[in-house]
Amino acid sequence: MPKVVGIRFKPASKIYYFDPTGFEDLKVGDWVIVETTRGREAGQVVIGPKVVPKDEVVGQLKGILRRATAQDMTQLAYYRHLEPEALQKCREMVAEHGLPMKVVKAEYNFDGSHLVFYFTAEKRVDFRKLLRELAKTFKTKIELRQIGVRDEAKLLGGLGRCGRPICCHSFLSEFVPISIKMAKLQDLPLSPEEISGICGRLLCCLAYEYDYYAEAKEKLPKVGERVHTPHGLGKVIGVNVLKETVTVELESDVILELPADKVRPG
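Computed from a prediction, not measured in an experiment: that's the story for all the values here.

Rules used throughout
- In this convention, every chain numbers its residues from 1, walking through the sequence in written order.
- Only residues with pLDDT of at least 70 are given local features in this predicted model, and only at 80 or more are side-chain atom pairs given and counted; all residues enter the totals for whole chains, interfaces and linings.
- Only hydrogens and water are set aside when side-chain values are computed; all heavy atoms of the structure are taken into account.
- A carboxyl oxygen of Asp or Glu within 4 Å of a side-chain nitrogen of Lys or Arg is what we treat as a salt bridge.
- Secondary structure elements follow DSSP: runs of H or I of four or more residues count as helices, runs of E of two or more count as strands, with numbering from the N terminus.
- Accessible area is worked out with a 1.4 Å probe on protein chains only. A residue is then buried under 20% of its type maximum, exposed over 50%, and partly exposed in between.
- The contact criterion used is simple: two residues touch if any of their non-hydrogen atoms lie within 4.5 Å.
- Paired strands are those between which DSSP finds at least two bridges.
- Axis geometry follows a simple rule: fit a line to the C-alpha atoms, using only the stretch in contact for helices, then measure angles between N-to-C directions, giving values from 0 to 180 degrees.
- Each pair of aromatic rings taken from Phe, Tyr and Trp, with Trp reduced to its six-membered ring, is defined by centres within 6.5 Å and is described as stacked if the planes are under 30 degrees apart, edge-to-face if over 60, and tilted in the remaining cases.
- Counting as a charge over the ring demands two things of the Lys NZ or Arg CZ atom: a distance within 6 Å of the ring centre and an angle within 35 degrees of the ring normal.

A. The pattern of salt bridges, seen in detail. In total, this model carries 13 salt bridges according to the counting rule given. As a salt-bridge pair, R67 and D30 come within 3.4 Å of each other at their nearest N and O atoms. Residue R67 is located in strand 5 (residues 64–67), and its partner D30 is located in the loop between strand 2 (16–18) and strand 3 (31–36); the two are separated by 37 residues in the primary sequence. Residues E152 and K102 are paired through a salt bridge, measuring 2.7 Å at the closest nitrogen-oxygen approach. On the criterion of sequence distance, the pair formed by E152 in helix 3 (residues 149–156) and K102 in strand 6 (residues 102–108) is long-range, its members being 50 residues apart. Each of D25, D30 and R67 takes part in salt bridges that share partners, so that together they form one network.

Pasting the structure below:
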């Protein structure tokens, strides 16, 4: 089984595996320099060297070039400082070209040899001329990367309807599929304004309690089912998963909320 080290390049982003050969003493929190498809990058160790099953490794593992030096970290901070200025300049150039795109973030790699501009657009954009001018302006390798609205929210951050920083920017490393079925099962209002995040898509947190609700509801009678209660026969008109109670309308038209263990199929 291969030995790997898990490295993350941005907070709340995907973890990538690298070969730790020669750096088996790396610890969580250490910074290293590695080779990626975007060139050399500075990343932080989030999973120390460990052995994993072979099927968890996709493709050939790349090695670690070196531990990050004080100069590397100074360079990283320097180019992070230049990103807002680069973003503003790119937006001005996009406006000059009249392109239908919104540039949301500029991102240098640690030594400034690669600069990525993330943008959103409703359709494909011909930015070839812009790309050439950006390369002349910044004198480095330029990449323009189109992203979706969920990725935009993850990059920019913000506060959710709960009042806390949005999950995708805080700790979620990958998006999981979310469906309206999750909201229905949890008896949430189906109004888009109530169950959508700042990205306009369904809330990621709908998935957090979905498995619990699915399991709990299997043990509870369904709405419309006839049941026996200590007070006589009735029909289930509601269930409360968290309280594990059932609301029953008796044949006498009396409505009671009872513990789930006090009712049985009618």
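So that's the structure; there's more coming.
B. How the structure looks around the environment of K62. Along the chain, K62 turns up in the loop between strand 4 (39–51) and strand 5. Residue classification places K62 among the partly exposed residues on the basis of a relative accessible area of 38%. In this view, K62 contacts F18, D19, E35, T36 and T37; residues no more than four positions away in its chain are not counted.

C. Main features of the sheet that holds strand 7 (residues 114–120). Strand order in the open sheet formed by 3 strands is 6-7-8, with mixed pairing between adjacent strands. Of all the strands in the sheet, just strand 6 and strand 8 (141–146) have a single pairing partner and so form its edges. Between one strand axis and the next, the sheet turns through 20° on average, direction left out of account. Sheet topology note: the strand 7/strand 8 ladder contains 6 bridges and is parallel. Within strand 8, the position partnered with H114 by the bridge is K141. Its contacts with the sheet place helix 2 (residues 128–138) against strand 6, strand 7 and strand 8, and it is angled at close to 140° to strand 8.

D. Inspection of unusual backbone geometry at higher detail. At A12, a position not held by glycine, the phi torsion is positive, near 55°. Within the element layout of this structure, A12 appears in the loop between strand 1 (3–8) and strand 2. A residue is classified by how much of its surface remains accessible, and A12, at 4% relative accessible area, is buried. Phi at D253 is positive, roughly 75°, even though this residue is not glycine. Mapped onto the secondary structure, D253 falls in the loop between strand 11 (245–250) and strand 12 (255–259).

E. The arrangement of the sheet that holds strand 11 in detail. Overall, antiparallel pairing links the 5 strands, which are arranged 12-11-10-9-13 in an open sheet. Edge positions in the sheet fall to strand 12 and strand 13 (264–265), since each has one partner strand and no second. Pairing between strand 9 (residues 226–229) and strand 10 (residues 232–240): 4 bridges, direction antiparallel. Bridging across to strand 10, R226 finds its partner in K235.

F. Structural detail: the environment of R164. With respect to the element layout, R164 can be found in the loop between helix 3 and helix 4 (167–170). Here R164 falls in the exposed class, since its relative accessible area comes to 59%. Discounting residues that sit within four places of it in the chain, R164 has contacts with G158 and L159.

G. Region of the structure containing the packing of aromatic side chains. Tallying each qualifying case throughout the model produces 7 aromatic pairs. Note on Y79 and Y108: the rings are 5.1 Å apart at their centroids and 45° apart in plane angle, and the pair reads as tilted. Placement of Y79 in helix 1 (residues 70–97) and of Y108 in strand 6 is noted, with a sequence separation of 29 residues between them. Judged by its relative accessible area of 7%, Y108 falls in the buried class. Between F119 and F127, the aromatic rings sit 5.8 Å apart at their centres with planes inclined by 80°, giving edge-to-face as the arrangement. Accessibility expressed as a relative area gives 1% for F119, which makes it buried. Grouping aromatic residues by their ring pairs yields a cluster made of F9, Y16 and F18. Just above the ring of F175 sits the side chain of K154; from NZ or CZ to the centre is 6.0 Å.

H. Structural detail: the pairing of strand 10. Between strand 9 and strand 10, which pair antiparallel in sequence order, lie 2 residues. Bridge count for strand 10 against strand 11 is 6 bridges, and the pairing is antiparallel. Each residue of the ladder has a partner; that of G234, found in strand 11, is L250. Count of turn residues in the strand 10/strand 11 antiparallel hairpin: 4 residues, of which E244 carries a positive phi of about 55°.

Function-wise, these values are silent; they only describe arrangement.
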